[in-house]
Structures are given as C-alpha cells and as structure tokens.
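Descriptive structure summary
Each chain, written out:
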Amino acid sequence: EEEFKWLLQEEVHAVLKQLQDILKVMLIYFISFLYLSSYCSTDQVKGVLTLQGDALCQADVNLKMPRSNQLLHFAFREDKQWKLQQIQDARNHVNQAIYLLMNRDVNYQFKTGSEVLKLMDAVMLQLSRARNRLTTPATLTLPEIASSGLTKMFTPALPPDILVNFYINLNKLCLTVYQLHVLQPSTSKNFKPAGGSVLHNPGATFEFGNQRYEVTHVHKVECVVPWLNDALVFFTVSLQLCQQLKDKISIFSSYWNYRPY
C-alpha cells in the first residue's frame, strides 16, 4: 500500500513532467522548424519546396508535359503561404494533451488509480489523434482539389488542365500533379464522377465549372522531412510512457483496492 501511495504521489508526477517536456519540444517542430526539400524523383516533375512548421512558404515546380515535352514552370506567389491542415490539426491535439497534463501540477494529489487511468486515457486519445493526422491524409474529391485555395497560390496561374495537391503521409511531404483532358458533351464515354481519395488514378472523371474532365496523367513525388520523422518517434515514446504508467497502476489496483484518505 505504501508503494502504491508513493506511485500516486511521486512517480505519476515524474511521468507527467517527462511527457510535458517531450510534447513541448514537439511543438517547436510544428511551429517553426524549417525544412528545404528538393524533388527530383521523376522525369516529369522537378521542384523545390520550403516547409516551415505547418506552412509551405515556397514552392517552385517544373512540369514536363508527356505528349508535347513542353516545360511548364509555376511557383508560389511571394506574398503567399499555404498552411498544411494536417500539421495544424496535429499541433492542436498536442496542445490539448499538454493542457491536460499541466492541469495536474506537482502539488496535486492523485487519490485513486482510476483517476490516473482516466487522465492517461484522455492524453493518449489526443496523442493518437495527432499522430493519425500525420499518418492518414485526407480523402478529397477532384472538384474539392480544383476549388481549393491552393490553385490561386501560383504565378503564373495554373492552366485549367492542371491540378496540384500537397499532403503529409507519415514522415513525407507529397506533391501530386494531375493532368486533365476536357470531355466533350458529345462523347460516348460513360461518365461516372470519382469519389474522394488520397490519390486519384488516370481515368478518373469529375465535373467542375459546368465542364467535365478526365485525369490522363498523375505525377506523384515525395521526400522525407526529418523533423516529421522525429515527431512520429516522439508520439511513439509518449504513448509508450502513458501505457507503461497505466500498466503499473493496473497491476497495483488488481492487488489492492486501495484508496488513501
């Protein structure tokens, strides 16, 4: 019973402090860490992107058209940045986890094991949601990509037969370029609009602005962002710390139904 009491009063707070320290370091990554990435993975798409925290603050992309070998160049306007919602959401969940942890300062006395378990479950829920935002890109329809504010980021303006999308997948920053073909009203092709997807394949069709399109070519390039890799490691370590504390509490609780006064 004395050991269990020590666990509640001392070790729990030590773990909470360790978790706070880890998550505060992670927040610095999400807010300000700078990464310059070069894409050179295909013959069709080459470019350079600059990612600072959750913001794509520079993009310079060259696209070689497969049929004509025409080289297109487009870049972010100097006055524009593109916020990556996945990183913003992950950061918000980390902030919420820190808030939960800081609500129990070093003078707070945990009275039951179930109280600690409830706190760990709440923290783990926020950390799992944060990690999932980085590991599970949003599924978008082609009209959603076409109507995105991202299309207005570039100079010169993107041609109407080109769509682009950026997203995070695990520790990678991904760029997808879609080349489109306008479907004539008289076409006999069976038109079935594509649903939501992380990556649309050639042959996918959609309607936008009273015009029907078909995807003819898809170019996807990606690169590893080191600080995203570090963030995923931090999530794993943090979740392991939470689970280890839960396991200790559960072991003691299974032997004693102890409630300190």
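Report follows, based on the coordinates. (Residues numbered from 1 in each chain as written. Predicted model: local features only at pLDDT ≥ 70, side-chain atom pairs only at ≥ 80, totals over all residues. Heavy atoms only, no water.)

The number of helices and strands found in the protein chain is 5 helices and 10 strands. Its C-alpha radius of gyration of 24 Å places the protein chain more than 25% over the 18 Å reference for a compact globule of 261 residues. Structurally, the protein chain occupies a C-alpha span of about 80 × 40 × 25 Å along its principal axes. Considering the protein chain as a whole, with its 261 residues, one finds that 44% of them fall into the buried category. (Helix = DSSP H or I, 4+ residues; strand = E, 2+ residues; numbered from the N terminus. Rg over C-alpha atoms; globule rule 2.2 N^0.38 Å. Buried < 20%, exposed > 50% of the residue type's maximum accessible area, 1.4 Å probe, protein only.)

Here we come to helix H2 (residues 85–102). The terminal C-alpha atoms of H2, which comprises 18 residues, lie 26 Å apart, in line with the 26 Å expected from a rise of 1.5 Å per residue. Those residues of H2 not exposed but buried are Gln 86, Ile 87, Gln 88, Asp 89, Ala 90, Arg 91, Val 94, Ala 97, Ile 98, Leu 100 and Leu 101. (Expected span 1.5 Å × (residues − 1).)

Let us look at the nonpolar core. Within soluble globular proteins, side chains that are nonpolar generally end up buried alongside one another. Within the largest apolar cluster, 67 residues are counted, with the highest numbers of intra-cluster contacts made by Phe 30 and Phe 166. Looking at this core element by element, the count peaks at 13 residues for helix H1 (residues 2–32). If we skip the residues at most four places from it in the chain, Phe 166 touches Leu 49, Leu 56, Ala 59, Phe 76, Leu 84, Leu 150, Phe 154, Cys 174 and Leu 175. Residues Ala 146, Leu 163, Tyr 178 and Phe 206 belong to the second largest nonpolar core, which totals 10 residues. (Core = buried A, V, L, I, M, F, W, Y, C linked by side-chain atoms within 4.5 Å. Contact = heavy atoms within 4.5 Å.)

With that out of the way, let us pick up unusual backbone geometry. Cis geometry marks the peptide bond from Thr 155 to Pro 156; its omega dihedral reads -5 degrees. Within the fold, Pro 156 resides in the loop between strand S6 (154–155) and strand S7 (162–169). For Leu 170, which is not a glycine, the phi torsion comes out positive at approximately 60 degrees. Structurally, Leu 170 is set in the loop between S7 and strand S8 (172–183).

Any functional reading would require information that these geometric values do not contain.
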